[in-house]
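One letter stands for each residue in the lines below.
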Amino acid sequence: MPEPILRTNRLDARYGDFQALYCVDMELGEGEVVAIIGANGAGKTTLMRSVSGLMKNAAEQIVYRGRPIGALRADQVAELGIGLVPEGRQLFPSLSVEENLIIGGRVGRSGPWSLAAIYALFPVLEERRHLPSTSLSGGQQQMVAIGRALMANPDLVMFDEISLGLAPVVIKQIYDALPGIVGEGMSAVVVEQDVTKALSVSSRVYCLQEGRVSLEGCSDTVTREEISRAYFGQ
Amino acid sequence: MSARDNYRVFRATRASRVAAVLGLAVLVLLFAAPWWAGRAELRLLGEIFLYLSLAMLWNLLAGYAGFVSVGQQAYVGLGGYLLFALTIFLGLHPVAAIAAAGLAGALVAMPVALLIFRLRGAYFAIGTWVIAEVFRLGFAQLGALGGGSGISLPVDAARSLAEGRDAREAVSYWLTLGVATAVITIACLFLRSRRGLALTAIRDNELAAGSLGIDIWRTKFLVYVIVGGLTTLVGALIFLQKLRISPEAAFSVNDWTAFVIFIVVIGGIGSLEGPFVGTIVYFLLREMLADLGAAYLIVLGAVAIAVMLVAPKGLWGLVRDSTGLRLFPLGYRTEPKEKKGA
Amino acid sequence: MDWVNAILQGTLLGGLYALFAAGLSLIFGVMRLVNIAHGDLIVLAAYLALTVIMALGIHPLMSLLAVVPVMAVVGYVLQRSILNRTLGDDILPPLLVSFGLSVIIQNALLETYTADPQRLSAGPIEVASLNLGGLAVGYLPFLMFVTAVAIIGGLQIVFYRTGLGRAFRAVSDNQDIAQLMGINRRHVFALAMALSLAVTAVAGIFLGIRTSFDPATGPARLIFGFEAVIIGGMGSLWGTLAGGVILGVSQAIGAQVNPGWQILAGHVAFLVILAVRPRGLFPRMDG
């Protein structure tokens, strides 16, 4: 098997006295889409924060393209080509829609994504490009957040709870756009509470439970029982 | 079986009992200082007590109530001027004037609090400084109190303290010792009270404390007013020692706030032991570096910055974290009733 | 006519106060840092100018070419080496560390330059004035005011029209997410401090031309700048200019009534505005 693009080695993470992740081993192949599911507080967002560099870890605990990156700062991780669409969008309220996208492209990596490409993917954003990002609907804000991450032309992009708090029709719209995004050869991690959605876009799935990996499997062979056992524990 | 059955809740520790006994012994020794110390030592001790009091009060404000004031010189100066005004114009005995100054300071602190509580964080800090500047410029306009150039305490007022210079020095010294003891006692009792515990809860987590139904605003207002009053009282005493006052000296940000802050930070903010440690370190540094002139203040500033960056809880914080030592029985502690083998 | 003149002179003086305030407003906007040493850094810039002028024999305004970059470097290094380490949720560390810096700068200046008051001599321009229908408008105060407007306009452009400004606003909004955009916040904070102290350098040189200064004059400049920021409303650069003007005019009116009341009148105006409009006149962000 070729070297995976991303690997975590017995990853631990803690907030002060509270340990959020225990010995998490995870792998992501080149061009692969992996789903991470789990209940609230299972450690999914902590895993995203660790990989993206917002939380410090031991260097070897996270390896990207054979390089230990666990101890790097978030801006250094971003330069290497790892993008994150954070939970709850978290756009910059003082920046316009277009400025939010432009700042996403700040790392200056080359690739298929540009303002024009984002506007082609989400035409509604072009119409509103000069508005404050806070004036958009939740779904449009999520489009900006996705576009902002793509503007960096990352090799690996992580989506943290992209459907959370959005209307079903908007969720469908965003999930319809996903294959076009990851089809560009990008590897992706999709964190999702909606298990069906998660399985439909991914080739493999990890389930987290109380900070530990409770299940690892192929998205099309894993059974409902296995998932509910991994989700809630026994 | 409830947790209460399994755990013993207590406040005093062996260390705090030993500290109380030792503290009492030191207090007796210090009370007797006029009989064993020379005039210069007595003055130095008096100054130490006054700085310890200011440090205790600032620590209460910043370390517990979260009000980082850089304008406490407003109250020190106010106290000084009230002492002079009350003795000169009303003929009050200096001790009565000092007490009255404390009360007046608390009254003045109320409208001031209403105004500057509108500012938050660092802007609150500079807001307090503006208030102090207003006081300074205001007193500089009062010709009857010497205007911008200042005034001396009339000889009669100073003499009314006691007969003879030695006796006066001794009374003056006892006043500083008494005030420092009172300030420490009040701080300790306040922090042990319901409101004081509430204050510590607020400091540690304002959101949680708010949801517990603690009236944050009133508690903080109370602390600000008490500290304002006591700082005014200490200020009156400071200028009874100095016998001369001017707007520049009375409202000096360096003398009455910067150094006090350095003392608290170096010693350890947010603990009652911190100001003691800080005061000792401050006076040691000052006596050791007395020949350096202005460079001494550079060293002091650098030490304060270094402590803040390296050990934000100060020297006492280092001691406490490594030994668990606490000399003041403030918070409650618990331990299992039956000691189980380790 | 005296009153009109007082208001005019006060307005022009307000430009200088806005310059004191602009750097303070900038770094508060980007990183919520209130720099207690700001006034002392203004005075430090004035002394640096004095040294440059004495060494090279040049006009004070020419010394800007040397002092502005030096102060910018000082700002960058200060932020990277010390102030960055104090940033966080707790406001105490930055406050105390900048308070310590204030004491250090004051006493270092005292050791280097003594307590004697100094002045930067700008030559004939100091007294030259334009006669506008009976009102004398000094060239120098006018130049200061125009410079203040230009600098604040320039900062406004940097903030809202450049990539650096986008980075400033992004870290101000959300430091974590800004880092995900490849922004090294420590570097961006240091750039903000460099810009702040570059403005401070201009303020310091104008201060030195306008009045005499000594190592202890910093804190009062900090307070004037702070008052202008609060009066104008936090986070608003044009508001800061308005705040400076209001402060300058209040002082001028106070001085017109009684020369001893100049500074006091400014403080009173500040306190009144604080009582009536605690968020200032043109607020953009919460304190």
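Residues numbered from 1 in each chain as written. Chains lettered and ligands numbered in written order. Predicted model: local features only at pLDDT ≥ 70, side-chain atom pairs only at ≥ 80, totals over all residues. Heavy atoms only, no water.

Time to look at the packing of helix H6 (residues 138–150) of chain A against helix H7 (residues 168–182) of chain A. Residues and elements named next belong to chain A. Contact geometry of H6 with H7 gives a least axis separation of 10 Å together with a crossing angle of 15°. In terms of their interaxial angle, H6 and H7 are classed as roughly parallel. Once H6 is placed against H7, the crossing between them reads as right-handed. Mapping the contact onto sequence places Gly139, Gln142, Met143, Ile146 and Leu150 in H6 and Val170, Gln173, Ile174 and Ile181 in H7. (Axes fitted to C-alpha atoms, helices over the stretch in contact; angles between N-to-C directions. Helix = DSSP H or I, 4+ residues; strand = E, 2+ residues; numbered from the N terminus. Parallel < 35°, antiparallel > 145°, perpendicular 65-115°, else oblique. Left-handed = near helix turned anticlockwise from the far one by under 90°. Contact = heavy atoms within 4.5 Å.)

Moving on to the confidence of the model for chain C. Averaged over every residue, the pLDDT of chain C is 92; the share at 70 or more is 98%. Mean pLDDT across the secondary structure elements of chain C bottoms out at strand E1 (residues 129–132) of chain C, with 83, and peaks at helix H2 (residues 38–56) of chain C, with 97. (pLDDT = per-residue confidence, 0-100.)

What follows concerns the domain arrangement of chain B. All names here are of chain B. Split by domain assignment, chain B resolves into domain 1 (37–251) and domain 2 (256–329). One C-alpha centre belongs to domain 1, the other to domain 2; they are set 21 Å apart. Of the residues lining the interface, 30 residues belong to domain 1; the matching set on domain 2 comes to 20 residues. Between domain 1 and domain 2, a total of about 2,100 Å² is buried, with carbon and sulfur atoms accounting for 76% of that surface. The largest contributions to the domain 1 side of the interface with domain 2 come from Tyr51, Trp58 and Asn59, which together make up 29% of the buried area. Connecting domain 1 to domain 2 are 1 salt bridge. We note a salt bridge from Glu47 to Arg286, for which the minimum N-O separation is 2.9 Å. Connecting domain 1 to domain 2 are 8 residue pairs in polar contact (both at pLDDT 80 or more). For the side of domain 1 that touches domain 2, the secondary-structure elements that each account for two or more residues are helix H4 (39–64), helix H5 (73–89), helix H9 (165–192), helix H12 (216–242) and helix H13 (247–250). Tallied by class, residues from the side of domain 1 that touches domain 2 come to 20 nonpolar, 6 polar and 4 charged. (Domains from an automatic or database assignment. Buried area = accessible area lost by both parts, 1.4 Å probe. Salt bridge = Lys/Arg side-chain N within 4 Å of Asp/Glu carboxyl O. Polar contact = N/O pair within 3.5 Å; in protein donor to acceptor, adjacent residues only side chain to side chain. Nonpolar A, V, L, I, M, F, W, Y, C, P; charged D, E, K, R; others polar.)

The subject of this paragraph is the sheet that holds strand E1 (residues 6–15) of chain A. All names here are of chain A. Here 4 strands make up an open sheet; going across it, the order is E2-E1-E4-E5 and the pairing antiparallel. Looking along the sheet, the strands with just one partner apiece sit at the ends: strand E2 (18–28) and strand E5 (67–68). Of the strand pairs in this sheet, E1 and strand E4 (residues 62–64) are connected by 3 bridges, and their pairing is antiparallel. Residue pairing for E4: Thr8 is matched across the bridge by Ile62. Strands E1, E2 and E4 of the sheet are contacted by helix H1 (residues 44–52), whose axis makes an angle of about 115° with E1. (Pairing = 2+ DSSP bridges.)

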